[in-house]
Amino acid sequence: MPGLRVGPGAGRPAPVLLPKDAPFTGKGGNPLEKVESFLKTSCPRCGGEARRETDTMDTFVDSSWYYLRYLDPANESAPFDPAVIARWAPVTQYVGGIEHAILHLLYARFFARVMKDLGLVSFEEPFAALFNQGMITRMSPGGRIEKMSKSRGNAVSLDPLIAAKGADAVRAYVLFLGPPESDAEWTDEQIAGPERFLYRVVALVETYLRSHGTEPLVPRSPDSPAARKRHIAVRTLTHDFDAFSFHTAVAHLMEFSHHVAGLVGDAKADPGETRASVLALLALLHPIAPHLTEELHERMGETKSLLVSGWPAFDPALAVEESVTIALQVSGKLRGQVVLPRGATREEALAAAEGQEAVAKWLEGRERVKVVFVPDRLLNVVVK
């Protein structure tokens, strides 16, 4: 306050203590506004009637360090035990909207530096990695696509939707909306796609159980085409999750589920590989539909929860297709393509190109200047 001496000395004002009887009810505004003995005071300069400020601390003060308090919430002698913080912090991954970039995130970094100087933490950066999510938009009553919010009247209450469709279906739909860093429009009707997908997974498992039961079968061959499909699926989903590409993860799971359903419905398929593929599908789907997959995993006869059994592993040598599609060009222009075994030689690719009428007609009667071959990708015959 102007005119007051706040440094050391006889004129320094006494600190204002907060009352201990403030009613913290969570309703009706600031609790300090209900304590008249605190609210009503006298001006330290003129002695007249005065009203104390009740907003004693901005919300950012709490949000700048409360992630640490959550790790040691019952501590009554200190904000937190530094030993507890050393085990869990700093935060590995922060996910939030771009609107938090200036206030919350900036102040949290300031607080982390102060707490390090005080010896409470060992780090200066509170969050090791940041991912800014996009906004969910929806049609407002005024007919405009706007950011979803109560104030705009276009918010969706998830409780009725979860009651009707299930938490896993809602979760799968939210992740399937699009790239998480981009804005996405919400429509109630589009949840039907992810919902049908989960129903197909249930039907797939029930069909398998009717034909094979819960016997712990083992694949006959570790490198069969079906085993390769499984390893490729694990590799693909691992990459999707690492890249926060959840919408493509759902799409890839849908694709893999079709393959697994084909194995389940094929009486000639290896029962061991079929079981391994069903279990892999459930494990890969678990982060997206945890409740459903946990139940189906147990029905398959597995006694160890998916929460603790770990993410499926893949063999890089098996997580590749046995065949590849090679683009065929003549003088730099695409004239066709051919499917060949992975690792096919230049001569094998050239012979395949010459055997295709759509390519051969551009080679006939022309001098070949050079042949450019990129293994497993491209063959370009330059002619004149």
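Since the model is a prediction, treat every value here as computed from it, not as a measurement. (Residues numbered from 1 in each chain as written. Predicted model: local features only at pLDDT ≥ 70, side-chain atom pairs only at ≥ 80, totals over all residues. Heavy atoms only, no water.)

Caption draft 1: Geometry of the sheet that holds strand β6 (residues 145-147). With respect to topology, three strands assemble into an open sheet ordered β6-β5-β7, the strand pairing being mixed. Every interior strand has two partners, whereas the edge strands, β6 and β7 (184-185), have only one. Pairing analysis gives two bridges linking strand β5 (residues 136-139) to β7, with the strands arranged parallel. Note that in β7 the partner of threonine 137 across the bridge is glutamate 185. (Pairing = 2+ DSSP bridges. Helix = DSSP H or I, 4+ residues; strand = E, 2+ residues; numbered from the N terminus.)

Caption draft 2: Highlighting unusual backbone geometry. Of the consecutive residues alanine 89 and proline 90, the connecting peptide bond is found in the cis state with omega at 5°. By secondary structure assignment, the location of proline 90 is in the loop between α4 (82-88) and β3 (94-97). One non-glycine residue, phenylalanine 244, lies in positive phi territory at about 60°. On the secondary structure map, phenylalanine 244 appears in the loop between α9 (225-242) and α10 (246-264). The exposure class of phenylalanine 244 is buried, given its relative accessible area of 19%. With a phi angle near 65°, aspartate 376 is a residue other than glycine that sits in the positive phi range. As for its placement among the helices and strands, aspartate 376 is situated in the loop between β10 (368-374) and β11 (378-383). (Buried < 20%, exposed > 50% of the residue type's maximum accessible area, 1.4 Å probe, protein only.)

Caption draft 3: View of the pairing of β11. Where strand β8 (residues 323-330) and β11 come together, four bridges link them in parallel fashion. Across the sheet, the residue bridging to alanine 327 is leucine 378, located in β11. Pairing of β10 with β11 involves six bridges; the strand directions are antiparallel. Of the residues in β11, the one forming a bridge with phenylalanine 373 is leucine 379. Counting the residues in the hairpin turn of β10 and β11 gives three residues, including aspartate 376, whose phi is positive at 65°.

Caption draft 4: A look at a nonpolar patch on the surface. On the surface, a nonpolar cluster with roughly 400 Å² of combined accessible area is contributed by Ile102, Leu103, Leu106 and Phe110. Positionally, leucine 103 belongs in the loop between β3 and α5 (104-117). (Patch = residues over 30% accessible without salt bridge, like charges linked within 9 Å, V, L, I, M, F, W, Y side chains within 5 Å. Areas by Shrake-Rupley, 256 points an atom, 1.4 Å probe, with all protein chains shown as cover. Salt bridge = Lys/Arg side-chain N within 4 Å of Asp/Glu carboxyl O.)

Caption draft 5: Layout of the packing of aromatic side chains. What the rule picks out here adds up to 11 aromatic pairs. Centroid distance tyrosine 66 to tyrosine 70: 5.3 Å. Interplanar angle 25°. Geometry classified as stacked. Among the residues examined, tyrosine 66 registers a relative accessible area of 36% and is labelled partly exposed. When the ring of tyrosine 67 is compared with that of phenylalanine 127, the centres are 5.3 Å apart and the planes differ by 50°; the resulting orientation is tilted. Taken together, the residues tyrosine 67 in helix α3 (residues 66-69) and phenylalanine 127 in the loop between α5 and β4 (130-133) connect sequence positions 60 residues apart. This pair shows no difference in class: tyrosine 67 is buried, exactly as phenylalanine 127 is. The structure contains a cluster of three or more aromatic residues connected by ring pairs, namely Phe131, Phe241, Phe244, Phe246 and Trp311. Taking the ring centre of phenylalanine 38 as reference, the NZ or CZ of arginine 52 above it sits at 5.3 Å. Geometry around tryptophan 362 places arginine 335 over its ring, the cationic atom sitting 3.6 Å from the centre. (Phe/Tyr/Trp six-rings, centres within 6.5 Å; stacked < 30°, edge-to-face > 60°. Lys NZ or Arg CZ within 6 Å of the ring centre and 35° of its normal.)

Caption draft 6: Seen up close, the environment of threonine 92. Mapped onto the secondary structure, threonine 92 falls in the loop between α4 and β3. Considered as a pair, threonine 92 and proline 126 are 34 residues apart in the sequence and their alpha carbons are 8.9 Å apart. When near neighbours in sequence (up to four residues on either side) are disregarded, threonine 92 contacts Ala128 and Ala129. (Contact = heavy atoms within 4.5 Å.)

Caption draft 7: Here's a closer look at the pattern of salt bridges. Overall, the coordinates contain 15 salt bridges when judged by the stated rule. Between glutamate 125 and arginine 109 there is a salt bridge, with its nearest N and O atoms 2.6 Å apart. Remark: arginine 109 occurs in helix α5 and glutamate 125 occurs in the loop between α5 and β4; sequence separation between them is 16 residues. In this structure glutamate 125 comes out as partly exposed when scored by relative accessible area, which is 32%. Residue arginine 342 is joined to aspartate 376 by a salt bridge in which the shortest nitrogen-to-oxygen separation is 3.8 Å. Highlighted residues: arginine 342 in the loop between β9 (333-341) and α14 (346-354) and aspartate 376 in the loop between β10 and β11, separated in sequence by 34 residues. Among the residues examined, arginine 342 registers a relative accessible area of 38% and is labelled partly exposed. Each of Arg109, Arg113 and Glu125 takes part in salt bridges that share partners, so that together they form one network.

Caption draft 8: Structural view of the environment of glycine 336. Relative to the helices and strands, glycine 336 is located in strand β9. The spatial distance from the C-alpha of glycine 336 to the C-alpha of glycine 301 is 49 Å, given a sequence separation of 35 residues. Sequence-distant contacts of glycine 336, defined by excluding residues within four places in its chain, comprise Ile326, Ala327, Leu328, Gln356 and Val359.

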